[in-house]
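One letter stands for each residue in the lines below.
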Amino acid sequence: MSSYQELSTRLAAAGQSQLLRFWSQLTAAQQEHLTAQLDAIDFDEMQRLIADYVLQKPRTAIPGDLGPAPYFPLTPRDAAQVELYARAEAEGERLLRAGKVSCLTVAGGQGTRLGFDGPKGTYPIAPVSGKSLFQYFAESIIRAGEKYGTRFTWYIMTSLLNREATERFFVEHHYFGLEPEQVVFFTQGTMPAIGYDGKLLLAAPDSLSLSPDGHGGTLLALRKSGALARMAREGVEILSYFQVDNPLVPVVNPRFIGLHALEHSQMSAIMLDKTGPFEKLGNFCLSGGRLQIIEYSDLPAELAESRNPDGSLRFIAGSPAIHLLSRSFVESLTAGGSLKLPWHRADKKVPYLDEAGKLVTPEAPNAVKLESFIFDALPLAERTMVMEGEREKMFAPTKNPTGVDSVESCRAMLLARDAAWLEAAGVKIPRTADGRPAAEIEISPRLAIDAADVAAAVKRLGAPVVRAGERLVFHG
């Protein structure tokens, strides 16, 4: 723990003396709290970040050799690929049954944009039952464990802001049927907010204004929390990574896992056909033989709009943030207890203490928050793999109350998928004139997590009668 004099000298050299402005007013415990926060900062590195990301707006350099990334298509192109996919399915199932896979969810956000007070994972998303996002995933993981004859461990990354509330939610709901030891919470790191003048902001006299360091912080947090060590003890080799706001995602995907293994990939990704050149998905690209994602806002329009001879988009592969990570890859990236990923600038309205100690709530962006993104680990991998996914069965993000990528659209996609599964199993589904289900139908993940599960359930239990206007939950 640094002394006041050491702190004062170090902060003066970094041009951050304002952080000790209220030192004399603090209790010993408050001084210790602030000192711990300041000791955690590499101020030489912070000065570089301020120069590169705050005092100027960074520009993404677009490599001259940038091209679209190759991927395994949803439908096999030839007989060899048909055979490969069959081997991948079998290998994926083998790895699942052998307990070589764990689930990893990033859940550090709040439901603020949804008008919801609490961790986003506690939001009631299921269209009929109102199950929370966490419950929906938990029940999917339980069913996957039954299906593959194993017990999956679920790693959930929270933030400092929502860790306590998230854990309390699980305890209050008895872990939704999971055993408590199956659920491992860990907390992502933080970064200080930086004013446009390059000065770090105080949220309180004894505290910096800190915010989560982005989902790129997942990798280092896995090591620091001991989660990587636990995975090694349990023989887990692959992490199935997904975000908490997408309940449509399969928690485990045998073909994806099998291709990851057969291709000896260190980090793999699902791609979706973009709906247009400027859809708000990152673009899978290749440069220097390395896979990378260029954000939709950074890809030049002439590239985004470029076409193949058949008229299709060249940069068609968009990222829904669904990945597989080999444990050994995460271990190698974080060896030594550090990880250097690029930072991304976000301009935010950040409340702060002024010189008089008054809390100021700005009406316009006044500061920069720096975040790292997990996809920036892709270029660090020697071997990667991208597989096309089916949007209607795996991507329904819950980011807004209504409109695109919303609660509204997510529930509609869950209903549509469940109705399609039932129809494929021989159940008659009433439909509206425009083809949408005319009943609100929800299949519990405890009963089924894929079409094969639904077909088996219908065969075992009989075909349910679905009437127009009904609200039904199929529990089994």
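You'll find the structure just up there.
What counts as what
- Residues numbered from 1 in each chain as written.
- Predicted model: local features only at pLDDT ≥ 70, side-chain atom pairs only at ≥ 80, totals over all residues.
- Heavy atoms only, no water.
- Helix = DSSP H or I, 4+ residues; strand = E, 2+ residues; numbered from the N terminus.
- Rg over C-alpha atoms; globule rule 2.2 N^0.38 Å.
- Buried < 20%, exposed > 50% of the residue type's maximum accessible area, 1.4 Å probe, protein only.
- Areas by Shrake-Rupley, 256 points an atom, 1.4 Å probe, with all protein chains shown as cover.
- Lys, Arg positive; Asp, Glu negative; His and termini not counted.
- Charge placed at Lys NZ, Arg CZ, Asp CG, Glu CD.
- Pairing = 2+ DSSP bridges.
- Salt bridge = Lys/Arg side-chain N within 4 Å of Asp/Glu carboxyl O.
- Axes fitted to C-alpha atoms, helices over the stretch in contact; angles between N-to-C directions.
- Parallel < 35°, antiparallel > 145°, perpendicular 65-115°, else oblique.
- Contact = heavy atoms within 4.5 Å.
- Nonpolar A, V, L, I, M, F, W, Y, C, P; charged D, E, K, R; others polar.
- Phe/Tyr/Trp six-rings, centres within 6.5 Å; stacked < 30°, edge-to-face > 60°.
- Core = buried A, V, L, I, M, F, W, Y, C linked by side-chain atoms within 4.5 Å.
- Left-handed = near helix turned anticlockwise from the far one by under 90°.
- Disulfide = S-S within 2.5 Å.
- Right-handed = clockwise from strand over helix to strand, strands pointing away.

Draft legend 1. Quick look at the overall build of the protein chain. Each helix and strand counted, the protein chain has 14 helices and 22 strands in total. Compactness check: the protein chain gives a C-alpha radius of gyration of 24 Å against a globular reference of 23 Å for 476 residues, within 12% of the reference. Counting only C-alpha atoms, the protein chain reaches 75 × 55 × 50 Å along its principal axes. Of all 476 residues assigned to the protein chain, the portion counted as buried reaches 51%. Total accessible area computed for the protein chain in this model is approximately 21,300 Å², and 51% of it derives from carbon and sulfur atoms. Within the protein chain, one finds 50 positive and 56 negative side-chain charges whose respective centroids are separated by 3 Å.

Draft legend 2. Region of the structure containing the sheet that holds strand 19 (residues 367-371). Taken in spatial order, the three strands of this open sheet run 6-19-16, and their pairing is antiparallel. Because the sheet does not close on itself, it has two edges, and the strands there are strand 6 (194-195) and strand 16 (344-348). Pairing of strand 16 with strand 19 involves five bridges; the strand directions are antiparallel. Paired with Ala346 across the bridge in strand 19 is Lys369.

Draft legend 3. Representation of the pattern of salt bridges in the model. This structure, assessed with the given rule, holds 29 salt bridges. Between Glu181 and Arg151 there is a salt bridge, with the nearest N and O atoms lying 3.6 Å from each other. Of the two residues, Glu181 is situated in the loop between helix 6 (163-172) and strand 4 (183-187) and Arg151 in the loop between helix 5 (133-148) and strand 3 (154-158); the sequence distance between them amounts to 30 residues. In this structure, the salt-bridge partner of Asp434 is Arg436, at a minimum N-O distance of 2.9 Å. Note on Asp434: relative accessible area 53%, which makes it exposed.

Draft legend 4. Inspection of the packing of helix 4 (residues 79-97) against helix 9 (residues 254-262) at higher detail. Helix 9 packs onto helix 4 with a crossing angle of 100° between their chain directions and a minimal axis gap of 6 Å. As summarised for this structure, helix 4 and helix 9 are arranged roughly perpendicular, according to the angle between their axes. Touching Leu84, Tyr85, Arg87, Ala88, Glu89, Glu91, Gly92, Glu93, Leu95 and Leu96 of helix 4 are Pro254, Arg255, Ile257, Gly258, Leu259, Ala261 and Leu262, all from helix 9. A breakdown of the residues in the contact of helix 4 with helix 9 according to their chemical character gives ten nonpolar, two polar and five charged.

Draft legend 5. Up close: the packing of aromatic side chains. Taken as a whole and assessed by the stated rule, the structure comprises 13 aromatic pairs. Judged by centre distance (5.3 Å) and plane angle (80°), the ring pair of Phe170 and Phe176 falls under edge-to-face. You can call Phe170 buried: its relative accessible area is 0%. Judged by its relative accessible area of 9%, Phe176 is buried. A centroid spacing of 5.2 Å and a plane angle of 75° characterise the contact between Phe170 and Phe185, whose relative ring orientation is edge-to-face. A residue pair is termed long-range when its members are at least 10 positions apart, and Phe170 in helix 6 and Phe185 in strand 4 qualify at 15 residues. Accessibility classification places Phe170 together with Phe185 in one group, the buried group.

Draft legend 6. A look at the nonpolar core. With 44 residues, the main nonpolar core has Phe134, Trp154, Phe170 and Val252 as its most contacted residues. It is helix 5 that provides the largest number of residues to this core, a total of seven residues. The residues contacting Phe170, other than those within four sequence positions of it, are Phe134, Trp154, Ile156, Tyr175, Phe176, Val183 and Phe185.

Draft legend 7. Helix 9, seen in detail. All buried positions along helix 9 are accounted for by Pro254, Phe256, Ile257, Gly258, Leu259 and His260. The positive-phi residue at the C-terminal boundary of helix 9 is His264, with phi of around 55°.

Draft legend 8. Representation of the packing of helix 1 (residues 4-14) against helix 2 (residues 28-39) within the structure. Closest axis-to-axis distance for the helix 1/helix 2 pair is 12 Å, and the angle between their directions is 45°. By the angle class used here, helix 1 and helix 2 are oblique. Crossing angle aside, the handedness with which helix 1 passes helix 2 is left-handed. Here Leu7, Arg10 and Leu11 of helix 1 come into contact with helix 2, specifically with Thr35, Leu38 and Asp39. Here the residues of the contact of helix 1 with helix 2 are counted per class, giving three nonpolar, one polar and two charged.

Draft legend 9. Broad picture of the side chain of Arg417. Assignment of secondary structure puts Arg417 in helix 13 (residues 407-424). Dropping the residues within four chain positions of it, Arg417 is found in contact with Tyr136, Leu248 and Glu392.

Draft legend 10. Representation of the state of the cysteines within the structure. The full count for this structure, using the stated rule, is zero disulfides. Cysteine Cys103 remains unbridged, with the sulfur of Cys410 as its closest cysteine sulfur at 18 Å. Residue class for Cys103 comes out buried when judged on its relative accessible area of 1%.

Draft legend 11. Looking closely at unusual backbone geometry. Positioned with a positive phi, Phe176 is a non-glycine residue whose angle comes to about 55°. Note that Phe176 resides in the loop between helix 6 and strand 4.

Draft legend 12. The arrangement of the environment of Gly288 in detail. Checked against the element boundaries, Gly288 lands in the loop between strand 12 (282-287) and strand 13 (290-294). Taking the C-alpha atoms as reference points, Gly288 and Asp65, 223 residues apart in sequence, are found 7.2 Å from one another.

Draft legend 13. Looking closely at the pairing of strand 22 (residues 471-474). Side chains Leu472 and Phe474 of strand 22 all project onto a buried face; the interleaved residues Arg471 and Val473 project onto a face where none is buried. Relative to strand 22, strand 21 (residues 440-443) runs parallel, the two sharing four bridges. Looking at the pairing, Glu442 lines up with Val473 of strand 22. In the classification by handedness, the crossover that spans strand 21, the intervening helix 14 (residues 451-461) and the parallel strand 22 is left-handed.

Draft legend 14. Layout of the side chain of Asp206. As for its position among the elements, Asp206 is in the loop between strand 7 (202-204) and strand 8 (207-208). Among buried Asp, Glu, Lys and Arg side chains, Asp206 stands out as unpaired, with Arg21 the closest opposite charge at 13 Å. Once you skip the residues sitting within four places of it in the chain, Asp206 turns out to touch Leu26, Gln30, His33, Leu34 and Gln37.

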